[in-house]
Amino acid sequence: MNQVPRLTRWLALGASTLALAACGGGDERPDPDALVLHRGNAAEPLSLDPHKANGTWENNIIGDMFIGLFTEDPAGEPIPGMADSWEVSDDGLVWTFELRDAQWSDGEPVTAYDFEYAFQRILDPATLAQYASLLYPIKNARAVNTGAMTPDMVGVAAIDADTLQIELEFPAPYLPGLLTHYTTYPVPRHVVEEHGDAWVQPANIETNGPYKLVEWRANNYVHVERNEYFWGDQNVCIDEVYYYPTVDMQAAERRVRNGELDLNTDFAGQNLDFLREQAPDYVRVHPYLGTVYFSANTLVEPLDDPDVRNALAMAIDRQFIADEILRAGQIPAYSFVPPGVNDYPDTAQVAWADTPVEERRETAREILEAEGFGPDNPLRFEFTFRATGDNPRIAPVVQQDWELIADWVDVEIAQIETQIHYSNLRSGDYELGDGGWIGDYNDAYNFLFLAESGSIPMNYSRWSNEEFDTLVDRANRTLDAEERGRLLAQAEQLMLDSMPYLPIVFYVNKALVNPRVTGWEDNVVHIHRTRYLCFEGVETAGEGAPGGQDAAG
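Residues numbered from 1 in each chain as written. Predicted model: local features only at pLDDT ≥ 70, side-chain atom pairs only at ≥ 80, totals over all residues. Heavy atoms only, no water.

Some remarks on the domain arrangement of the protein
According to the domain assignment, the protein contains domain 1 (36–257 + 514–535) and domain 2 (287–508). Here the C-alpha centroids of domain 1 and domain 2 sit 29 Å apart. With both sides pooled, the region where domain 1 packs onto domain 2 buries about 2,500 Å², and carbon together with sulfur makes up 62% of that total. Viewed at the interface, domain 2 and domain 1 are joined by six residue pairs in polar contact (both at pLDDT 80 or more). Secondary structure elements with two or more residues in the side of domain 1 that touches domain 2: α2 (56–65) and α5 (175–178). (Domains from an automatic or database assignment. Buried area = accessible area lost by both parts, 1.4 Å probe. Polar contact = N/O pair within 3.5 Å; in protein donor to acceptor, adjacent residues only side chain to side chain. Helix = DSSP H or I, 4+ residues; strand = E, 2+ residues; numbered from the N terminus.)

Right, here's the structure in full:
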């Protein structure tokens, strides 16, 4: 068995020095005493503005720089962040927060007015925030985001500099989880108003979290350094972080094993056995609150037909994909909401879940023939997929699954860079496309809102069903948790029957973490903030500072 080398501080420093030299680094010499973490991070971010981001790979960086009213603990559970205390009205519709004393990285105080400004900015339709619909539980958020109301009418108000009030459209017991999400982070009003969209550039940005952006070299790395004004700075161990886009997982695995990266947030499932043999202390596999699914554009033929969508869903051999392609414990998905979600009955399921795939394909052929497809009218469509993770290996498998229905089914497949692919999904510029959704908080609504007619552009399918919308709305206005779960499950069943989204498998999170890295806790949201991490043998002043989304892989 090969012995995997373990990094020492000088080796970590050497890697960062080499990276800077290779890119023609600046005049600043690295601090020889700095503790530097090198993180593999799936994909290149499109933006580090919390109002413009939409992927887990961006969240990994943004969540190291900013903290909202709530944040995540090492286990991924919501804990107070900027909120020092709060009260909730009896009807659950009004939450009032008292803020902790905190500063931006330029020393200016973080106030409730920064939060008020941030919520108004992200919901202003002029901001073009793709993820704004996540905030629709807030009073008037949907109306503001669609232009029916002005931004100042959103239900978030600064009572004074230290007090923020949030009004909701309906009771949302999951609000603390939602408030950990980057869409709810404050932004420094004084900086954004001065620099506009350029506020997030390294020369301008100010942050309220443990790290501050100092350099971003496109398709190479993002570099952050410790923010001395962060209120929990005395408990932070790592001084600097480099985040590298690691689209090529095979290369990323080698970089972790040879000490260039301290960790990578994914690895190829087919390499699990090899990695467990070669680097057993590095391999981390854990259940994940997420679903791999395919979106069908319901506005284009032939995918506007629910029977066609169901036939295509039936033909996919999910067990083969899970066992032979992904090979890391993924579970075949016959529903959209993953198992284990809080207060959810898990009763929704496709009717053919227990039918052998060969029989399903026969039924699919009969359905398509009844819809008029055959040798004289072939079924043709394009399937596009993400360039990251195991997706390029899944695509030819499902292409074959569909073409096994009949020789008159003709499917083209096309690999697209991940960020561009998601942009195409949001704009509706696709026919059938793969995707992954990671829960932003542990509640079924965070999955089902993707099918609400008012959730476009996050509703990639453009599916619209009045009964579904009514059930979800009733559920969200129901205080009884059991009844709310039952109504949401009814809504999910309607969606599954129409199949605008084809569920494929439920995720597991996979990571390679050098055993010298301490503080890493496997958790269902796969969020691991750098402020909780350290290196073996290094002591800190305390136990660590308090602190969804599209998926790349």
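Points about the UniProt feature "domain: Solute-binding protein family" (unreviewed entry) in the protein
The sites that UniProt annotates as "domain: Solute-binding protein family" (unreviewed entry) are residues 77–451. The distance from the first to the last C-alpha atom of residues 77–451 is 26 Å, and the span holds 27% helix and 22% strand. (UniProt positions renumbered as here; feature names shortened; annotations may be inferred.)

A word on the sheet that holds strand β6 (residues 156–160)
Strand pairing within a sheet occurs via backbone hydrogen bonds; the two strands may be parallel or antiparallel. Taking strand neighbours across the sheet as the criterion, the four strands line up as β4-β5-β7-β6 in an open arrangement whose pairing is antiparallel. The sheet is open, and its two edges are formed by β4 (83–88) and β6, each paired on a single side. The mean angle between the axes of side-by-side strands here comes to 25°, regardless of whether they run parallel or antiparallel. The pairing of β4 with strand β5 (residues 94–99) spans five bridges and is antiparallel. Directly across from alanine 83, in β5, lies its bridge partner leucine 99. (Pairing = 2+ DSSP bridges. Axes fitted to C-alpha atoms, helices over the stretch in contact; angles between N-to-C directions.)

What about the packing of aromatic side chains?
All told, the structure shown has 30 aromatic pairs when counted by the stated rule. Ring plane angle 40° and centroid distance 6.5 Å describe the contact between tryptophan 86 and phenylalanine 97, whose orientation is recorded as tilted. Of this pair, tryptophan 86 sits in strand β4 while phenylalanine 97 sits in strand β5; the two residues are eleven residues apart in sequence, bridging distant segments of the chain. Under the relative-accessibility criterion, tryptophan 86 is labelled partly exposed at 33%. Consider the rings of tyrosine 422 and tyrosine 460, whose centres lie 6.4 Å apart with planes at 45°: the pair is tilted. Here tyrosine 422 is found in helix α13 (residues 418–427), whereas its partner tyrosine 460 is found in the loop between α14 (445–448) and α15 (466–476), with 38 residues between them in sequence. Owing to a relative accessible area of 1%, tyrosine 422 belongs among the buried residues under this scheme. Through successive ring pairs, a cluster of aromatic residues spans Tyr131, Phe170, Tyr174, Tyr182, Trp437, Tyr441, Tyr445 and Phe449. Note that lysine 510 overlies the ring of phenylalanine 267, its terminal NZ or CZ placed 5.9 Å from the centroid. The ring of phenylalanine 535 is capped by arginine 516, whose NZ or CZ atom sits 3.8 Å from the centre of that ring. (Phe/Tyr/Trp six-rings, centres within 6.5 Å; stacked < 30°, edge-to-face > 60°. Buried < 20%, exposed > 50% of the residue type's maximum accessible area, 1.4 Å probe, protein only. Lys NZ or Arg CZ within 6 Å of the ring centre and 35° of its normal.)

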